[in-house]
Amino acid sequence: MKIALLGYGKMGREIEKTAIDRKYQVVLRIDIGNQHELTPENLRKADVAIDFSLPASAFNNIMKCFEAGIPVVCGTTGWLDRIGEVNQECVKMNGTFFYASNYSLGVNIFFAVNRYLAGVMNGTSGYNVGIKEIHHIHKLDAPSGTAITLANDIIERFWEKKKWELNRETDISTLNITSVREGEVPGTHVITWDSGVDRIEVIHEAKSRKGVALGALLAGEFIKDKKGVFSMADMIKL
Ligand SMILES: NC(=O)c1ccc[n+]([C@@H]2O[C@H](COP(=O)([O-])OP(=O)(O)OC[C@H]3O[C@@H](n4cnc5c(N)ncnc54)[C@H](O)[C@@H]3O)[C@@H](O)[C@H]2O)c1
(Lines give C-alpha, C1' and ligand atoms only; values in the text may rest on other atoms or scores of the structure.)
Protein backbone atom coordinates (compact mmCIF):
# COMPACT_ATOMS: atom_id res chain seq x y z
CA MET A 1 0.00 0.00 0.00
CA LYS A 2 1.26 3.49 -0.89
CA ILE A 3 0.51 6.15 1.68
CA ALA A 4 0.31 9.95 1.74
CA LEU A 5 0.83 11.32 5.26
CA LEU A 6 -1.03 14.59 5.87
CA GLY A 7 0.53 15.91 9.07
CA TYR A 8 4.06 14.78 9.88
CA GLY A 9 4.10 15.38 13.63
CA LYS A 10 4.10 12.85 16.47
CA MET A 11 1.41 10.64 14.93
CA GLY A 12 2.52 11.05 11.31
CA ARG A 13 6.03 9.89 12.25
CA GLU A 14 4.73 6.98 14.33
CA ILE A 15 2.52 5.87 11.42
CA GLU A 16 5.52 6.03 9.10
CA LYS A 17 7.55 3.74 11.43
CA THR A 18 4.73 1.18 11.60
CA ALA A 19 4.17 1.48 7.84
CA ILE A 20 7.82 0.63 7.13
CA ASP A 21 7.62 -2.41 9.48
CA ARG A 22 4.63 -3.60 7.46
CA LYS A 23 6.43 -3.03 4.12
CA TYR A 24 4.14 -0.19 3.05
CA GLN A 25 5.57 2.78 1.20
CA VAL A 26 5.18 6.41 2.27
CA VAL A 27 5.10 8.40 -0.99
CA LEU A 28 4.10 11.85 0.29
CA ARG A 29 4.60 13.72 3.57
CA ILE A 30 2.73 17.02 4.00
CA ASP A 31 3.33 19.32 6.94
CA ILE A 32 3.06 23.05 7.69
CA GLY A 33 6.12 23.91 5.57
CA ASN A 34 5.21 22.18 2.28
CA GLN A 35 1.45 22.52 1.89
CA HIS A 36 1.95 23.59 -1.74
CA GLU A 37 2.89 19.95 -2.43
CA LEU A 38 -0.63 18.82 -1.53
CA THR A 39 -1.72 18.64 -5.17
CA PRO A 40 -4.03 16.13 -6.91
CA GLU A 41 -1.01 14.84 -8.91
CA ASN A 42 1.00 14.14 -5.75
CA LEU A 43 -1.95 12.67 -3.89
CA ARG A 44 -2.67 10.30 -6.78
CA LYS A 45 0.74 8.66 -6.25
CA ALA A 46 -0.79 7.13 -3.09
CA ASP A 47 -3.48 4.47 -2.58
CA VAL A 48 -4.66 6.16 0.58
CA ALA A 49 -4.07 9.37 2.55
CA ILE A 50 -3.83 9.44 6.35
CA ASP A 51 -4.49 12.78 8.06
CA PHE A 52 -3.19 13.40 11.58
CA SER A 53 -2.71 17.16 11.33
CA LEU A 54 -4.35 20.05 13.18
CA PRO A 55 -8.01 20.87 13.95
CA ALA A 56 -7.70 23.89 11.61
CA SER A 57 -6.29 21.92 8.66
CA ALA A 58 -8.15 18.59 8.64
CA PHE A 59 -11.23 19.79 6.73
CA ASN A 60 -9.28 21.27 3.80
CA ASN A 61 -6.94 18.29 3.64
CA ILE A 62 -9.90 15.90 3.43
CA MET A 63 -11.52 17.98 0.67
CA LYS A 64 -8.27 17.90 -1.32
CA CYS A 65 -8.31 14.09 -1.08
CA PHE A 66 -11.92 13.94 -2.33
CA GLU A 67 -10.98 16.24 -5.25
CA ALA A 68 -8.06 13.95 -6.12
CA GLY A 69 -10.21 10.81 -5.75
CA ILE A 70 -7.99 9.40 -2.99
CA PRO A 71 -9.49 7.56 0.03
CA VAL A 72 -8.71 9.34 3.28
CA VAL A 73 -8.36 8.10 6.85
CA CYS A 74 -8.66 10.95 9.35
CA GLY A 75 -7.55 10.85 12.97
CA THR A 76 -7.37 14.58 13.64
CA THR A 77 -9.67 15.64 16.46
CA GLY A 78 -11.15 19.01 17.45
CA TRP A 79 -12.90 19.87 14.14
CA LEU A 80 -15.99 17.64 14.36
CA ASP A 81 -18.52 20.46 14.04
CA ARG A 82 -17.86 20.03 10.28
CA ILE A 83 -18.04 16.23 10.03
CA GLY A 84 -21.63 16.32 8.71
CA GLU A 85 -20.43 18.51 5.84
CA VAL A 86 -17.54 16.11 5.13
CA ASN A 87 -19.83 13.09 5.09
CA GLN A 88 -22.17 14.86 2.62
CA GLU A 89 -19.31 15.96 0.35
CA CYS A 90 -17.89 12.44 0.43
CA VAL A 91 -21.12 10.98 -0.92
CA LYS A 92 -21.59 13.85 -3.42
CA MET A 93 -18.04 13.50 -4.76
CA ASN A 94 -18.08 9.68 -4.72
CA GLY A 95 -15.18 9.76 -2.27
CA THR A 96 -13.98 7.53 0.56
CA PHE A 97 -13.72 8.71 4.16
CA PHE A 98 -12.88 6.92 7.42
CA TYR A 99 -13.02 8.73 10.76
CA ALA A 100 -12.37 7.48 14.29
CA SER A 101 -11.83 9.51 17.43
CA ASN A 102 -9.42 6.73 18.42
CA TYR A 103 -7.87 4.07 16.18
CA SER A 104 -6.48 1.76 18.85
CA LEU A 105 -8.11 -1.65 19.23
CA GLY A 106 -7.86 -1.40 23.05
CA VAL A 107 -9.74 1.90 23.13
CA ASN A 108 -12.45 0.48 20.91
CA ILE A 109 -12.84 -2.46 23.32
CA PHE A 110 -12.96 0.15 26.11
CA PHE A 111 -15.75 1.98 24.17
CA ALA A 112 -17.73 -1.29 24.07
CA VAL A 113 -17.26 -1.80 27.85
CA ASN A 114 -18.37 1.82 28.44
CA ARG A 115 -21.54 1.37 26.36
CA TYR A 116 -22.36 -1.86 28.20
CA LEU A 117 -21.81 -0.35 31.65
CA ALA A 118 -23.84 2.77 30.83
CA GLY A 119 -26.74 0.53 29.73
CA VAL A 120 -26.54 -1.49 32.98
CA MET A 121 -26.39 1.70 35.08
CA ASN A 122 -29.48 3.12 33.41
CA GLY A 123 -31.63 0.79 35.48
CA THR A 124 -29.61 1.28 38.68
CA SER A 125 -30.06 4.19 41.05
CA GLY A 126 -27.49 5.97 43.18
CA TYR A 127 -24.51 6.27 40.79
CA ASN A 128 -23.07 9.42 39.32
CA VAL A 129 -20.64 9.21 36.41
CA GLY A 130 -17.66 11.32 35.36
CA ILE A 131 -14.83 11.10 32.83
CA LYS A 132 -11.23 12.18 33.24
CA GLU A 133 -8.74 12.33 30.38
CA ILE A 134 -5.01 12.95 30.70
CA HIS A 135 -2.81 13.87 27.72
CA HIS A 136 0.59 15.43 26.98
CA ILE A 137 0.99 19.20 27.21
CA HIS A 138 1.21 19.65 23.40
CA LYS A 139 -2.37 18.54 22.75
CA LEU A 140 -4.36 21.45 21.27
CA ASP A 141 -7.97 20.37 21.82
CA ALA A 142 -9.82 19.61 25.04
CA PRO A 143 -11.60 17.43 25.88
CA SER A 144 -10.04 14.68 23.77
CA GLY A 145 -12.08 13.25 20.89
CA THR A 146 -11.99 9.92 22.75
CA ALA A 147 -13.53 11.49 25.88
CA ILE A 148 -16.28 13.05 23.73
CA THR A 149 -17.08 9.63 22.22
CA LEU A 150 -17.21 8.10 25.73
CA ALA A 151 -19.47 10.93 26.95
CA ASN A 152 -21.87 10.74 24.00
CA ASP A 153 -22.12 6.96 24.36
CA ILE A 154 -23.02 7.37 28.06
CA ILE A 155 -25.57 10.14 27.36
CA GLU A 156 -27.29 7.93 24.75
CA ARG A 157 -27.75 5.11 27.28
CA PHE A 158 -27.82 6.64 30.79
CA TRP A 159 -30.80 8.93 30.75
CA GLU A 160 -29.90 10.94 33.87
CA LYS A 161 -27.21 12.69 31.80
CA LYS A 162 -28.44 15.07 29.12
CA LYS A 163 -25.18 16.78 28.06
CA TRP A 164 -21.47 16.93 28.83
CA GLU A 165 -19.38 19.89 29.94
CA LEU A 166 -15.66 20.46 30.23
CA ASN A 167 -14.25 20.88 33.74
CA ARG A 168 -17.54 21.74 35.44
CA GLU A 169 -20.58 19.88 36.67
CA THR A 170 -23.42 22.37 36.72
CA ASP A 171 -26.13 19.92 37.88
CA ILE A 172 -26.86 16.21 37.99
CA SER A 173 -27.97 16.14 34.34
CA THR A 174 -24.48 17.28 33.23
CA LEU A 175 -21.69 14.78 32.63
CA ASN A 176 -18.41 16.35 33.69
CA ILE A 177 -15.27 15.72 31.63
CA THR A 178 -12.08 16.67 33.41
CA SER A 179 -9.13 17.36 31.09
CA VAL A 180 -5.61 17.24 32.49
CA ARG A 181 -2.49 18.13 30.48
CA GLU A 182 0.78 16.84 31.87
CA GLY A 183 4.23 15.78 30.62
CA GLU A 184 4.30 13.44 27.62
CA VAL A 185 1.33 11.20 28.56
CA PRO A 186 0.18 9.48 25.30
CA GLY A 187 -3.46 9.22 26.48
CA THR A 188 -5.31 7.98 29.59
CA HIS A 189 -9.09 7.86 30.04
CA VAL A 190 -10.87 7.05 33.31
CA ILE A 191 -14.63 6.53 33.66
CA THR A 192 -15.83 6.66 37.27
CA TRP A 193 -19.23 5.53 38.50
CA ASP A 194 -19.52 6.72 42.10
CA SER A 195 -22.20 5.99 44.72
CA GLY A 196 -22.52 6.54 48.47
CA VAL A 197 -21.26 3.02 49.11
CA ASP A 198 -18.77 2.18 46.38
CA ARG A 199 -16.99 3.21 43.19
CA ILE A 200 -16.51 1.46 39.85
CA GLU A 201 -13.67 2.67 37.66
CA VAL A 202 -12.76 1.63 34.13
CA ILE A 203 -9.39 2.83 32.83
CA HIS A 204 -7.64 2.78 29.49
CA GLU A 205 -4.01 3.82 29.51
CA ALA A 206 -2.09 3.96 26.24
CA LYS A 207 1.58 2.98 26.70
CA SER A 208 2.63 4.55 23.39
CA ARG A 209 1.21 5.77 20.04
CA LYS A 210 1.83 2.41 18.32
CA GLY A 211 -1.71 1.05 18.79
CA VAL A 212 -3.20 4.14 17.13
CA ALA A 213 -0.68 4.03 14.27
CA LEU A 214 -1.46 0.38 13.51
CA GLY A 215 -5.22 0.98 13.64
CA ALA A 216 -4.96 3.91 11.22
CA LEU A 217 -2.96 1.78 8.75
CA LEU A 218 -5.48 -1.08 9.03
CA ALA A 219 -8.24 1.47 8.33
CA GLY A 220 -6.29 2.50 5.20
CA GLU A 221 -6.16 -1.14 4.04
CA PHE A 222 -9.88 -1.45 4.80
CA ILE A 223 -11.00 1.52 2.66
CA LYS A 224 -8.46 1.63 -0.15
CA ASP A 225 -10.77 -0.11 -2.65
CA LYS A 226 -14.10 1.10 -1.24
CA LYS A 227 -16.39 4.12 -1.67
CA GLY A 228 -18.39 5.85 1.06
CA VAL A 229 -18.17 6.84 4.72
CA PHE A 230 -16.73 4.38 7.25
CA SER A 231 -15.98 4.11 10.96
CA MET A 232 -14.43 1.61 13.36
CA ALA A 233 -17.81 -0.13 13.67
CA ASP A 234 -17.46 -1.18 10.00
CA MET A 235 -13.92 -2.51 10.47
CA ILE A 236 -14.09 -4.29 13.82
CA LYS A 237 -17.15 -6.07 15.15
CA LEU A 238 -17.34 -5.83 18.93
N1 LIG B 1 -7.89 9.50 16.31
C2 LIG B 1 -6.87 9.05 17.05
O3 LIG B 1 -6.76 7.84 17.33
C4 LIG B 1 -5.82 10.02 17.51
C5 LIG B 1 -4.73 9.61 18.28
C6 LIG B 1 -3.72 10.52 18.57
C7 LIG B 1 -3.83 11.84 18.13
N8 LIG B 1 -4.94 12.21 17.43
C9 LIG B 1 -5.09 13.56 16.89
O10 LIG B 1 -4.28 13.67 15.72
C11 LIG B 1 -3.87 15.03 15.54
C12 LIG B 1 -2.35 15.08 15.40
O13 LIG B 1 -1.75 14.64 16.59
P14 LIG B 1 -0.16 14.71 16.80
O15 LIG B 1 0.07 14.27 18.20
O16 LIG B 1 0.55 14.04 15.69
O17 LIG B 1 0.05 16.30 16.70
P18 LIG B 1 1.37 17.08 16.24
O19 LIG B 1 1.15 18.50 16.64
O20 LIG B 1 2.59 16.37 16.73
O21 LIG B 1 1.33 16.97 14.64
C22 LIG B 1 0.49 17.71 13.80
C23 LIG B 1 1.31 18.14 12.60
O24 LIG B 1 0.46 18.73 11.63
C25 LIG B 1 1.23 19.74 11.00
N26 LIG B 1 0.41 20.66 10.21
C27 LIG B 1 0.02 21.93 10.47
N28 LIG B 1 -0.72 22.42 9.46
C29 LIG B 1 -0.81 21.42 8.54
C30 LIG B 1 -1.46 21.31 7.28
N31 LIG B 1 -2.21 22.29 6.77
N32 LIG B 1 -1.36 20.12 6.61
C33 LIG B 1 -0.65 19.11 7.12
N34 LIG B 1 0.00 19.16 8.32
C35 LIG B 1 -0.10 20.30 9.01
C36 LIG B 1 1.97 20.41 12.16
O37 LIG B 1 3.06 21.18 11.69
C38 LIG B 1 2.39 19.18 12.95
O39 LIG B 1 3.66 18.68 12.54
C40 LIG B 1 -4.44 15.79 16.75
O41 LIG B 1 -5.67 16.36 16.39
C42 LIG B 1 -4.65 14.69 17.79
O43 LIG B 1 -5.66 15.00 18.72
C44 LIG B 1 -5.92 11.34 17.12
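First, a word on what this report is: a plain description of the structure on this page. A quick note: this is a predicted structure, and the numbers were derived from the prediction, not measured. (Residues numbered from 1 in each chain as written. Predicted model: local features only at pLDDT ≥ 70, side-chain atom pairs only at ≥ 80, totals over all residues. Heavy atoms only, no water.)

Taken together, 24 residues sit near the ligand, with K10, M11, D31, T77 and K139 positioned nearest. Interatomic distance of 2.8 Å between a backbone N/O atom of M11 and an oxygen atom of the ligand. One nitrogen or oxygen atom from the side chain of N61 is found 3.4 Å from a nitrogen atom belonging to the ligand. Isolated, the ligand exposes 860 Å² of accessible area, and the fraction of that covered by the protein chains is 84%. In a pocket analysis with a 2 Å cut-off to the grid points, the ligand is assigned to the largest pocket. Class assignment of the residues belonging to the shell around the ligand gives a composition of nine nonpolar, 11 polar and four charged. (Near = heavy atom within 4 Å. Polar contact = N/O pair within 3.5 Å; in protein donor to acceptor, adjacent residues only side chain to side chain. Areas by Shrake-Rupley, 256 points an atom, 1.4 Å probe, with all protein chains shown as cover. 1 Å grid on protein atoms, 1.4 Å probe; cavity = no way out; pocket = protein on both sides within 12 Å on 5 of 7 lines; lining within 4 Å. Sits in = over half its atoms within 2 Å of the grid points. Nonpolar A, V, L, I, M, F, W, Y, C, P; charged D, E, K, R; others polar.)

So, on to a nonpolar patch on the surface. Taken together, the side chains of L105, I109, V113 and L238 present a nonpolar region at the surface, about 360 Å² in accessible area. Among the secondary structure elements, V113 is positioned in helix 5 (residues 105-122). Using a relative accessible area of 37% as the deciding quantity, one classes V113 as partly exposed. (Patch = residues over 30% accessible without salt bridge, like charges linked within 9 Å, V, L, I, M, F, W, Y side chains within 5 Å. Salt bridge = Lys/Arg side-chain N within 4 Å of Asp/Glu carboxyl O. Helix = DSSP H or I, 4+ residues; strand = E, 2+ residues; numbered from the N terminus. Buried < 20%, exposed > 50% of the residue type's maximum accessible area, 1.4 Å probe, protein only.)

Moving on to the pattern of salt bridges. With the rule as written, the count across this model stands at 14 salt bridges. We note a salt bridge from R29 to E16, for which the minimum N-O separation is 2.7 Å. Taken as a pair, R29 in strand 2 (residues 25-30) and E16 in helix 1 (residues 10-21) lie far apart in primary sequence, 13 residues in all. Its relative accessible area of 11% is what places E16 among the buried residues. Where R157 meets E156, a salt bridge forms, and the shortest distance between an N and an O atom there is 3.6 Å. When its relative accessible area of 55% is taken as the criterion, E156 is described as exposed. What you see here is one network of salt bridges that share partners, running through E14, K17 and K210.

Scanning all chains against the criterion turns up seven aromatic pairs. Pairing F52 with Y103 gives two aromatic rings, centres 6.0 Å apart and planes at 55 degrees, and the pair type is tilted. Residue F52 is located in the loop between strand 3 (48-51) and helix 3 (58-68), and its partner Y103 is located in the loop between strand 5 (96-99) and helix 5; the two are separated by 51 residues in the primary sequence. The two residues F52 and Y103 agree in class, both being buried. Taken together, the aromatic side chains of F52, F98, Y103, F222 and F230 make up a single cluster linked through ring pairs. (Phe/Tyr/Trp six-rings, centres within 6.5 Å; stacked < 30°, edge-to-face > 60°.)

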